[in-house]
Amino acid sequence: MTDIRNIVILTGAGISAESGLRTFRADDGLWEDHPVEQVATPQGFRRDPDLVQRFYDERRAQVRAANPNAAHLALGRLDMGWKRGDLLIVTQNIDDLHERGGAARVLHMHGEALSAWCTNCDARHRWTGTLRNNPPCPSCGMASLRPDIVWFGEMPYRMERIYRAIAGCDLFVSIGTSGAVYPAAGFVQEAGRAGARTLELNLEESLGSRVFSETRLGKASEIVPAWVEEMLAG
């Protein structure tokens, strides 16, 4: 793989599962035992802001209690060691385990649990405590903070940058994703049309496995470090 320069890596819930974080949406359609409409839509927030704030307070606490696993640490090594070209880790996850695992080139397309967004002044602030008591925004002073999470019906963050990176990559890698949630599920086709190699690293075959050039199956904590070592050695 000595011809590979630019890499885009997409990560999903499967990479954080071994750190004790549940996949956010279960097979029954519930998000941490709540209907999606209650806790992951703007309409749900307007109907019952206390429920939504409590829900994300719990997610925030779970993220803070979790630790990066071997897969996160391996991607951190890749980020620090990849000097041939560009590298971008696009994560669908709202945890900060990539950053704590040593990666710096990370884009959270669905937002971050440890961030609060002021809907009054558009400022974003790192946030580790509760939002249920309607604290004032540190920038404008208004009590207008909400979880900095992309809900259903909202546009994922920084899509233009993501598509530019995919258009210019030589290798697209998907780790721990179901291949069911768009627009991320369509990234592999975008990469293929741009002429990039495509690799899936997953616990089991996903809905999009047939589209990838290669699929490797196994626990993320085992197959991701092995792949990273190949890349850094190559």
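What you see is a predicted model; the values in this text were computed from it and never measured.

### Comments concerning the domain arrangement of the protein
Consideration 1: Considered domain by domain, the protein is made up of domain 1 (1–21 + 68–110 + 156–233) and domain 2 (23–65 + 116–149).
Consideration 2: Each of domain 1 and domain 2 has a C-alpha centre, and these two points are 26 Å apart.
Consideration 3: Across the contact, 8 residues belong to domain 1 and 8 residues belong to domain 2.
Consideration 4: The contact between domain 1 and domain 2 buries some 760 Å² in all, and 60% of this surface belongs to carbon and sulfur atoms.
Consideration 5: There are 0 salt bridges connecting domain 1 and domain 2.
Consideration 6: Counting every contact that joins domain 1 to domain 2 gives 3 residue pairs in polar contact (both at pLDDT 80 or more).

### Regarding the UniProt feature "active site" (unreviewed entry) in the protein
Consideration 1: UniProt records the feature "active site" (unreviewed entry) at His 110, using the numbering of this structure.
Consideration 2: Mapped onto the fold, His 110 is located in the loop between strand S5 (106–108) and strand S6 (111–118).
Consideration 3: When its relative accessible area of 16% is taken as the criterion, His 110 is described as buried.
Consideration 4: Ignoring anything within four residues of it in the chain, the contact list for His 110 reads Thr 91, Gln 92, Ile 94, Asp 148, Ile 149, Val 150 and Pro 156.

### Digging into the pattern of salt bridges
Consideration 1: This structure, assessed with the given rule, holds 14 salt bridges.
Consideration 2: Two residues, Glu 154 and Arg 146, come together in a salt bridge whose shortest N-O distance is 2.9 Å.
Consideration 3: Residue Glu 154 is classed as partly exposed on the basis of its relative accessible area, which comes to 25%.
Consideration 4: The network of salt bridges with shared partners includes Asp 50, Arg 54 and Arg 132.

### Digging into the nonpolar core
Consideration 1: Ranked by internal contacts, the top residues of the largest apolar core, which has 24 residues, are Ile 9, Leu 75, Leu 78, Val 224 and Trp 227.
Consideration 2: At the level of secondary structure, the elements contributing two or more residues to this core comprise strand S1 (7–11), helix H4 (70–81), strand S4 (87–91), strand S9 (171–175), strand S10 (197–202) and helix H8 (220–233).
Consideration 3: Other than its neighbours up to four places away in sequence, Ile 9 contacts Leu 75, Leu 78, Leu 87, Leu 88, Ile 89, Val 90, Val 173, Ile 175 and Trp 227.
Consideration 4: Of all hydrophobic cores here, the second largest spans 17 residues; its members include Val 8, Val 90, Cys 169 and Ala 191.

### Structural notes on the UniProt feature "binding site: Zn(2+)" (unreviewed entry) in the protein
Consideration 1: Feature annotation in UniProt assigns "binding site: Zn(2+)" (unreviewed entry) to the following positions: Cys 118, Cys 121, Cys 137 and Cys 140. Their sequence span is 23 residues, while the largest C-alpha to C-alpha distance among them is just 8.7 Å; these annotated residues converge on one region.
Consideration 2: With respect to the helices and strands, the residue Cys 118 is situated in strand S6.
Consideration 3: Under the relative-accessibility criterion, Cys 118 is labelled buried at 0%.
Consideration 4: When sequence neighbours within four positions are dropped, the list of residues in contact with Cys 118 reads Ala 123, Cys 137, Cys 140, Ser 144 and Leu 145.
Consideration 5: Mapped onto the elements, Cys 140 comes out in the loop between strand S7 (124–126) and strand S8 (145–149).

### Side note on the sheet that holds S7
In a beta sheet, neighbouring strands pair by backbone hydrogen bonds and run either parallel or antiparallel.
Consideration 1: Overall, antiparallel pairing links the 3 strands, which are arranged S7-S6-S8 in an open sheet. This sheet does not close on itself; its edge strands, each paired only once, are S7 and S8. The average angle at which neighbouring strand axes cross in this sheet is 40 degrees, direction not considered.
Consideration 2: Pairing geometry for S6 and S7, over 3 bridges, is antiparallel. Within the sheet, the bridge partner assigned to Ala 116 lies in S7 and is His 125.

Conventions we followed
- Residues numbered from 1 in each chain as written.
- Predicted model: local features only at pLDDT ≥ 70, side-chain atom pairs only at ≥ 80, totals over all residues.
- Heavy atoms only, no water.
- Domains from an automatic or database assignment.
- Contact = heavy atoms within 4.5 Å.
- Buried area = accessible area lost by both parts, 1.4 Å probe.
- Salt bridge = Lys/Arg side-chain N within 4 Å of Asp/Glu carboxyl O.
- Polar contact = N/O pair within 3.5 Å; in protein donor to acceptor, adjacent residues only side chain to side chain.
- UniProt positions renumbered as here; feature names shortened; annotations may be inferred.
- Helix = DSSP H or I, 4+ residues; strand = E, 2+ residues; numbered from the N terminus.
- Buried < 20%, exposed > 50% of the residue type's maximum accessible area, 1.4 Å probe, protein only.
- Core = buried A, V, L, I, M, F, W, Y, C linked by side-chain atoms within 4.5 Å.
- Pairing = 2+ DSSP bridges.
- Axes fitted to C-alpha atoms, helices over the stretch in contact; angles between N-to-C directions.

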